[in-house]
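# Descriptive analysis of the structure
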Amino acid sequence: MTTTLITGANKGLGHETARQLIAAGHTVYVGARDAERGRRAAEQLGARFVLLDVTDDATVEAAAKTVEADGGLDVLINNAGIASRADAHSVPTAASVTADQMRNTFETNVFGVARVTHAFLPLLQRSAAPVVVNVTGGLASLTNLSDPGHPTHFYPGIAYPASKTAVNMLTVQYAKAFPDMRINSVEPGFIKTDLNDNTGTQTVEQGAEIIVRMAQTGPDGPTGGYFDANGPPADRLADDRGPDVGGQVELG
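Each value, and the rule that gives it
Residues numbered from 1 in each chain as written. Predicted model: local features only at pLDDT ≥ 70, side-chain atom pairs only at ≥ 80, totals over all residues. Heavy atoms only, no water. pLDDT = per-residue confidence, 0-100. Contact = heavy atoms within 4.5 Å. Buried < 20%, exposed > 50% of the residue type's maximum accessible area, 1.4 Å probe, protein only. Helix = DSSP H or I, 4+ residues; strand = E, 2+ residues; numbered from the N terminus. Pairing = 2+ DSSP bridges. Expected span 1.5 Å × (residues − 1). Right-handed = clockwise from strand over helix to strand, strands pointing away. Core = buried A, V, L, I, M, F, W, Y, C linked by side-chain atoms within 4.5 Å. Axes fitted to C-alpha atoms, helices over the stretch in contact; angles between N-to-C directions. Parallel < 35°, antiparallel > 145°, perpendicular 65-115°, else oblique. Left-handed = near helix turned anticlockwise from the far one by under 90°. Nonpolar A, V, L, I, M, F, W, Y, C, P; charged D, E, K, R; others polar. Salt bridge = Lys/Arg side-chain N within 4 Å of Asp/Glu carboxyl O.

## Some remarks on the confidence of the model for the protein
This prediction gives the protein a mean pLDDT of 87; 85% of its residues lie at or above 70. For residues 232-252, every residue scores under 50 in pLDDT, and the model assigns this stretch 57 contacts once sequence neighbours within four places are set aside.

## Examining the pairing of strand E6 (residues 182-187)
With six of six residues buried, E6 is to be regarded as a mostly interior element. Alternating residues of E6 divide into Arg182, Asn184 and Val186 and Ile183, Ser185 and Glu187, and every residue in both groups is buried. Taken together, the five bridges between strand E5 (residues 131-135) and E6 define a ladder with parallel strand orientation. Across the sheet, residue Val131 finds its bridge partner in E6, namely Arg182.

## Considerations on helix H1 (residues 12-23)
The end-to-end C-alpha separation of H1 is 17 Å, in line with the 16 Å expected for twelve residues at 1.5 Å each. Buried within H1 we find Leu13, Gly14, His15, Glu16, Thr17, Ala18, Gln20 and Leu21. Residues of H1 that are buried make contact with strand E1 (3-7), strand E2 (27-32), helix H2 (35-45), strand E4 (75-78), E5 and helix H8 (204-215). Within two residues after H1, Gly25 carries a phi angle of roughly 105°, on the positive side.

## Some words on the pairing of strand E3 (residues 48-51)
Pairing of E2 with E3, which is carried by four bridges, proceeds in the parallel orientation. Its bridge partner lying in E3, Ala32 is registered against Leu51. After leaving E2, the chain enters H2 and then returns to the sheet as E3, a path that is right-handed.

## Examining the nonpolar core
By size, the foremost hydrophobic cluster in this structure holds 29 residues, and its most contacted members are Ile77, Val133, Val186 and Ile211. The set of elements that each furnish at least two residues to this core consists of H1, E2, H2, E4, E5 and H8. Look past the residues within four positions of Val186 in its chain and what remains in contact with it is Val133, Asn134, Val135, Thr136, Ile210, Ile211, Met214 and Phe227. Leu76, Val116, Val167 and Ala175 belong to the second largest nonpolar core, which has 28 residues in total.

## Considerations on the environment of Ala99
Among the structural elements, Ala99 can be located in helix H4 (residues 99-109). With relative accessibility at 52%, the residue Ala99 sits in the exposed group. In the structure, Ala99 is positioned 60 residues away from Ala159 in sequence and 9.3 Å away in space, judged by C-alpha atoms.

## Focus on the packing of H1 against H8
A packed helix pair is summarised by two numbers, namely the angle formed by the two axes and the spacing between the axes. Relative to each other, H1 and H8 sit at 55°, their axes nearing to 8 Å. Our classification of the angle between H1 and H8 gives oblique. Along this stretch, H1 crosses H8, giving a crossing that reads as right-handed. Only Val204, Glu205, Gly207, Ala208, Glu209, Ile211, Val212 and Ala215 of H8 make contact with H1, whose side of the interface consists of Gly12, Leu13, Glu16, Thr17, Arg19, Gln20 and Leu21.

## Some details on the packing of H4 against helix H7 (residues 159-177)
At their nearest, the axes of H4 and H7 sit 9 Å apart, and the two run at 35° to each other. Crossing angle aside, the handedness with which H4 passes H7 is right-handed. Within the contact between the two elements, H4 uses Gln101, Met102, Thr105, Phe106 and Asn109 and H7 uses Ala159, Tyr160, Ala162, Ser163, Lys164, Ala166 and Val167. Taken together, the residues of the contact of H4 with H7 sort by class into seven nonpolar, four polar and one charged.

## Comments concerning the pattern of salt bridges
Applying the stated criterion across every chain, the model contains seven salt bridges. Where Arg40 meets Glu36, a salt bridge forms, and the shortest distance between an N and an O atom there is 3.4 Å. In this pair, Arg40 and Glu36 are both assigned in helix H2, four residues apart and thus about one turn of the helix distant. Taking relative accessible area as the criterion, Arg40 reaches 47% and is therefore assigned partly exposed. Classification of Glu36 by relative accessible area gives exposed; the value is 58%. Arg213 is paired through a salt bridge with Glu209; the nearest N and O atoms lie 3.0 Å apart. One end of the pair, Arg213, and the other, Glu209, are both in helix H8, four residues apart, so they sit about a helical turn from each other. By relative accessible area, which is 39% here, Arg213 ends up partly exposed. Among the charged side chains, a salt-bridge network with shared partners connects Asp57, Glu107 and Arg115.

## Here's the deal with the side chain of Arg115
For Arg115, the location among the structural elements is in helix H5 (residues 111-126). Looking at Arg115, the relative accessible area reads 18%, which means it is buried.

Pasting the structure below:
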């Protein structure tokens, strides 16, 4: 039985990912910072609940101990994320973004990934087929945001794209450091969730598909890559160098 932890899984994309993985036979931990919502989601899904706030060392460490006591972990899905908003729920632009807004976004989207990954590494290293999936986004691409012909070029925000670019770098570096693990970034698409005020054009069911697929990567599968929801051509990580390989970019 494969045991999987999903951060930010009490609603939206994380919740749907949990549902699909349970259907695929995984034992799933719903990680959530709100105990009531997390327990309710776990009960609805037939999952296990673990209190986990990715910005808080104490809850992350306690969650790792809980999962260890229950038998360990095979798959970690770093899904929890936020997007800063300014007045009237607008996106902070280059002219208005503050250091505090940047710091708040990075605390969850980047430092949260590092904090949770660090805490669960010892458990993953004991697994026969350890997998880490980092949920990123198309706005992380330096190439696309620099291209006037690409739709994402016109996104005015800074904090969220910068944080997801950093997540891609974490993926590359962790994958090189732990070659026995399968560690990849996935881009689920423009999904209709609370993160974007439900303005997305795809459903959570559609977005979760790529996360679920990569969560089931075997020991001989790819690592250190970026996979998008629609297959090739995949975006590129880091400085965008590397050949396309069927929806994935091999880095090295």
